[in-house]
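Fold and geometry: a report
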Amino acid sequence: LHGIREANIKKGDTLINPRHLENGQIKQFDRVIANPPYSLRNWGHDIAEKDIFRRYKYGIPPKHSGDFAFIQHMIASLNENGIMAVLVPNGVLFKSGLEGEIRKEIVKKDLIEAAIALPKGLFDWTGIHASILIINKNKPKNKKSKVLFIDASHEFEKGKYKNYLREDDIENILKAFDKFKEEEFFSKIKTIDNLEANDFNLSVKKYINASPESKQIARLQIQYKNYKRVPLSDLTN
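Let me begin by describing the structure that accompanies this report. (Residues numbered from 1 in each chain as written. Predicted model: local features only at pLDDT ≥ 70, side-chain atom pairs only at ≥ 80, totals over all residues. Heavy atoms only, no water.)

It is worth spelling out helix H3 (residues 97-108) at this point. Taking 1.5 Å per residue as the helical rise, H3 with its 12 residues ought to reach 16 Å, and the 17 Å between its terminal C-alpha atoms agrees with that figure. Within the span of H3, buried status applies to Glu99, Gly100, Ile102, Arg103, Ile106 and Val107. The buried residues of H3 occupy an angular sector of 160 degrees when the element is viewed end-on, so they sit on one face. Against the buried residues of H3 lie helix H2 (67-76), strand S5 (112-117) and helix H5 (192-197). Positioned one or two residues after H3, Asp110 has a phi angle of 60 degrees, which is positive. (Helix = DSSP H or I, 4+ residues; strand = E, 2+ residues; numbered from the N terminus. Expected span 1.5 Å × (residues − 1). Buried < 20%, exposed > 50% of the residue type's maximum accessible area, 1.4 Å probe, protein only. Arc of directions from axis to C-beta. Contact = heavy atoms within 4.5 Å.)

See the structure below:
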């Protein structure tokens with residue numbers, strides 16, 4: 001699978017009956033990468049309160065949507081230095097209610113390192129807009145109490161049936177993530193205090209407007225600012 005020849009694959013229900021265990025607890029890893037099912041109904045809400053693995057410490061997700069159940073399972077699967085990348089529907093980043101409360105607690109624990117907005121139409125199975133959420137249990141000092149937002153939703157190659165990230169598009173995302181710096185129309189850094197003032201909303205679009213229209217407006221504003229104004233008296237003489 002993707003060139004990986006050594007794997008320990010176990011078939012089961014990740015939330016109701018997790019199979020990767022160690023000493024009776026969820027096995028922990030350095031890295032976790034996943035694309036869980038979006039907004040899964042009947043994910044196991046009825047037994048979540050009695051979860052013997054104590055995975056839902058940030059809150060029990062609503063019965064109709066298991067996004068944060070999978071995210072919390074993944075957090076529980078990280079060791080103290082672990083980092084995870086999870087593909088989520090954009091609603092996970094801004095929904096209110098129970099999901100908003102869970103997101104709030106995760107942000108306050110300073111676990112979120114980055115949110116990356118992807119182009120639409122990348123996947124065969126859905127047209128839903130998606131983002132990558134990066135969670136790090138041991139953020140470097142320069143990233144503490146901060147979250148990096150990257151808007152990579154406008155840079156892609158349009159295909160006949162779906163869209164594609166080109167090598168340069170992927171490279172730009174990686175560079176922005178590694179540098180952890182702001183770049184106009186592409187990346188923005190917000191502190192946890194900033195996020196709290198916005199109800200812990202992690203929607204990339206709320207903090208970055210990278211649309212072609214906004215870039216054009218910015219260029220026109222710069223041109224107008226630099227335009228040499230001529231006094232009316234010079235025109236009349």
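Here the narrative resumes, following the displayed structure.
Two strands pair when backbone bridges link them, and strand S3 (residues 29-34) and strand S4 (residues 78-89) are joined in this way by 5 bridges, in the parallel orientation. If you follow Ile33 over to S4, its bridge partner there is Ala85. (Pairing = 2+ DSSP bridges.)

Quick look at a positive patch on the surface now. Together, Arg54, Lys57, Lys108, Lys109 and Lys137 line one region of the surface with positive charge. Relative to the assigned elements, Lys109 resides in the loop between H3 and S5. (Patch = residues over 30% accessible without salt bridge, like charges linked within 9 Å, V, L, I, M, F, W, Y side chains within 5 Å. Areas by Shrake-Rupley, 256 points an atom, 1.4 Å probe, with all protein chains shown as cover. Salt bridge = Lys/Arg side-chain N within 4 Å of Asp/Glu carboxyl O. Lys, Arg positive; Asp, Glu negative; His and termini not counted. Charge placed at Lys NZ, Arg CZ, Asp CG, Glu CD.)

Let us look at unusual backbone geometry. In this structure, Arg54 takes a positive phi of about 55 degrees despite not being glycine. Tracing the sequence through the fold places Arg54 in the loop between helix H1 (45-48) and H2. For Arg54, a relative accessible area of 60% translates into the label exposed. At Asp110, a residue that is not glycine, the phi angle is positive and equals roughly 60 degrees.

This part covers the packing of H2 against H3. Interhelical geometry of H2 versus H3 gives an angle of 25 degrees and a closest axis separation of 10 Å. With respect to their mutual orientation, H2 and H3 come out roughly parallel. Classified by chirality, the crossing of H3 by H2 is left-handed. From H2, Asp67, Phe68, Ile71, Gln72 and Ile75 reach across to H3, where they touch Glu99, Ile102, Arg103 and Ile106. Looking at side-chain class alone, the contact of H2 with H3 contains 5 nonpolar, 1 polar and 3 charged residues. (Axes fitted to C-alpha atoms, helices over the stretch in contact; angles between N-to-C directions. Parallel < 35°, antiparallel > 145°, perpendicular 65-115°, else oblique. Left-handed = near helix turned anticlockwise from the far one by under 90°. Nonpolar A, V, L, I, M, F, W, Y, C, P; charged D, E, K, R; others polar.)

Now for the packing of aromatic side chains. Counted under the stated rule, the structure contains 2 aromatic pairs. Seen in terms of ring centroids, Trp43 and Tyr56 are 5.8 Å apart; in terms of plane orientation they differ by 65 degrees. Their pairing is edge-to-face. In this pair, Trp43 sits in the loop between S3 and H1 while Tyr56 sits in the loop between H1 and H2, placing the two residues 13 residues apart along the sequence. Taking the centre distance of 4.6 Å and the plane angle of 40 degrees together, the rings of Phe149 and Tyr207 count as tilted. Residue Phe149 is located in strand S7 (residues 146-151), and its partner Tyr207 is located in helix H6 (residues 204-207); the two are separated by 58 residues in the primary sequence. (Phe/Tyr/Trp six-rings, centres within 6.5 Å; stacked < 30°, edge-to-face > 60°.)

By themselves, these figures tell us nothing about what the structure is for.
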